[in-house]
Amino acid sequence: GDWDAYEGQYFAEFDRDIHTCEPFEIPSHWRTYFTMDYGLDMAAFYLIAVSEDNRAYVIAEHCQGKDNDMEPLLITDAIDVVKNMCKGRSIHAYIAPPDLWQTNQATGKSVATTFAEHSIFLTKASNNRVQGWLQVKEWLKPIGDMDGKKTARLKIFANCNTLISHIPMLQY
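Below you will find a few notes about this structure. (Residues numbered from 1 in each chain as written. Predicted model: local features only at pLDDT ≥ 70, side-chain atom pairs only at ≥ 80, totals over all residues. Heavy atoms only, no water.)

## Quick look at the pairing of strand E4 (residues 56–65)
The two faces of a sheet get side chains in turn, since along a regular strand they alternate between them. Counted only if it meets this: For the exposure calls, accessible area comes from a 1.4 Å probe over protein chains only, and a residue counts as buried if that area is under 20% of its type's maximum, exposed if over 50%, partly exposed in between. Secondary structure elements are defined from DSSP: runs of H or I of at least 4 residues count as helices, runs of E of at least 2 residues count as strands, and each element is numbered from the N terminus. Think of it this way: DSSP has to see at least two bridges between two strands before they count as a pair.
Counting buried positions over the 10 residues of E4 gives eight, a clear majority of the element. In this structure, strand E3 (residues 42–50) lies alongside E4, joined through nine bridges in antiparallel fashion. By the bridge assignment, Met 42 is partnered in E4 with Gly 65. In this structure, the hairpin formed by E3 and E4 is closed by a connection of five residues, where Asn 54 is found at a positive phi of approximately 65°. Pairing of E4 with strand E9 (residues 154–157) involves three bridges; the strand directions are parallel. Looking at E9, one finds that Tyr 57 is bridged to Lys 155.

Rendered as structure tokens:
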């Protein structure tokens, strides 16, 4: 049986055999992106490397908050996590959702401003969920490779356990 198959599964395209791979050394000429969703209740951070043939590899993750019974990250702690994840890498862009530009009434600053004060300049992502979901489906869509085996444009390193376990559980 397939332990990743659930009724109502949104990303039914996901298959561990196709979408996961063992970690490998990322070539220095590949573009690396940092993506994040940050909130006081949960933070999810990902490093994604894109090859010259436009395949994306999720190469590292950090998820922390109430969903995994860990203490939520304060902004300054989140900044430290980001810096540690990105240490030694050239990051093409730090991508974050638009809500991180909302000004906090108490401080008068946004999360994006606080990150910028620590030399992490965020790029605002689109918040169009439907288009985002459709794009993920396109990246997950199984395709053939030169050997006739199934592969996909999106691969996830096998050590990104949270992402691998959560994708199959997302429902309509």
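## Quick look at the environment of Glu 71
Applicable threshold: Residues are treated as being in contact if the distance between any of their heavy atoms lies within 4.5 Å.
Of note, Glu 71 is situated in the loop between E4 and helix H2 (75–86). Remark: the alpha-carbon pair of Glu 71 and Leu 47, spanning 24 residues in sequence, is separated by 22 Å. Excluding its chain neighbours within four sequence positions, the residues that come into contact with Glu 71 are Gln 64 and Gly 65.

## Topic: the layout of surface pockets
Note the following rule: In this analysis the probe radius is 1.4 Å and the grid spacing 1 Å, with only protein atoms considered; a cavity is a set of points the probe fits into but cannot get out of, a pocket is an open set with protein on both sides within 12 Å along at least five of seven lines, and lining residues have an atom within 4 Å of a point. Grid points are joined across faces, edges and corners, and a volume is the space filled by probe spheres set on the points. Three classes are used: nonpolar for Ala, Val, Leu, Ile, Met, Phe, Trp, Tyr, Cys and Pro, charged for Asp, Glu, Lys and Arg, and polar for all others, with Gly counted as polar.
Space inside the largest pocket adds up to approximately 2,000 Å³. Along the walls of the largest pocket sit 42 residues, with Thr 35, Asp 37, Tyr 46, Trp 133 and Val 136 positioned nearest its centre. Those elements giving two or more residues to the lining of the largest pocket turn out to be strand E2 (31–38), E3, E4, strand E5 (91–96), helix H4 (129–140), E9 and helix H5 (161–166). A per-element tally of the lining of the largest pocket places H4 first, with seven residues. Split into classes, the residues belonging to the lining of the largest pocket amount to 27 nonpolar, 11 polar and four charged. Of the voids in this model, the second largest pocket is the one considered here, and its volume is about 230 Å³. Lining the second largest pocket are 14 residues, and of these Ile 75, Asn 104, Lys 109, Ser 110 and Val 111 lie nearest its centre.

## Observations concerning the pattern of salt bridges
Note the threshold: For this analysis, a salt bridge means a side-chain nitrogen from Lys or Arg found within 4 Å of a carboxyl oxygen belonging to Asp or Glu.
Scanning the model with the defined rule gives three salt bridges in all. Close ionic contact of Lys 109 with Glu 117 constitutes a salt bridge, the shortest N to O distance being 3.0 Å. Residue class for Lys 109 comes out partly exposed when judged on its relative accessible area of 32%. Residue Glu 117 is classed as partly exposed on the basis of its relative accessible area of 47%.

## What to know about the packing of aromatic side chains
How we decide: Aromatic contacts are taken between Phe, Tyr and Trp rings whose centres are within 6.5 Å, Trp giving its six-membered ring; a plane angle under 30 degrees counts as stacked, one over 60 as edge-to-face, and the others as tilted.
This structure, assessed with the given rule, holds six aromatic pairs. Summarising the aromatic geometry, the rings of Phe 24 and Trp 30 are spaced 6.1 Å apart at their centres and angled 85° between planes, so their arrangement reads as edge-to-face. Overall, the relative accessible area of 35% leaves Phe 24 in the partly exposed class. Judged by relative accessible area, Trp 30 falls into the buried class, the value being 12%.

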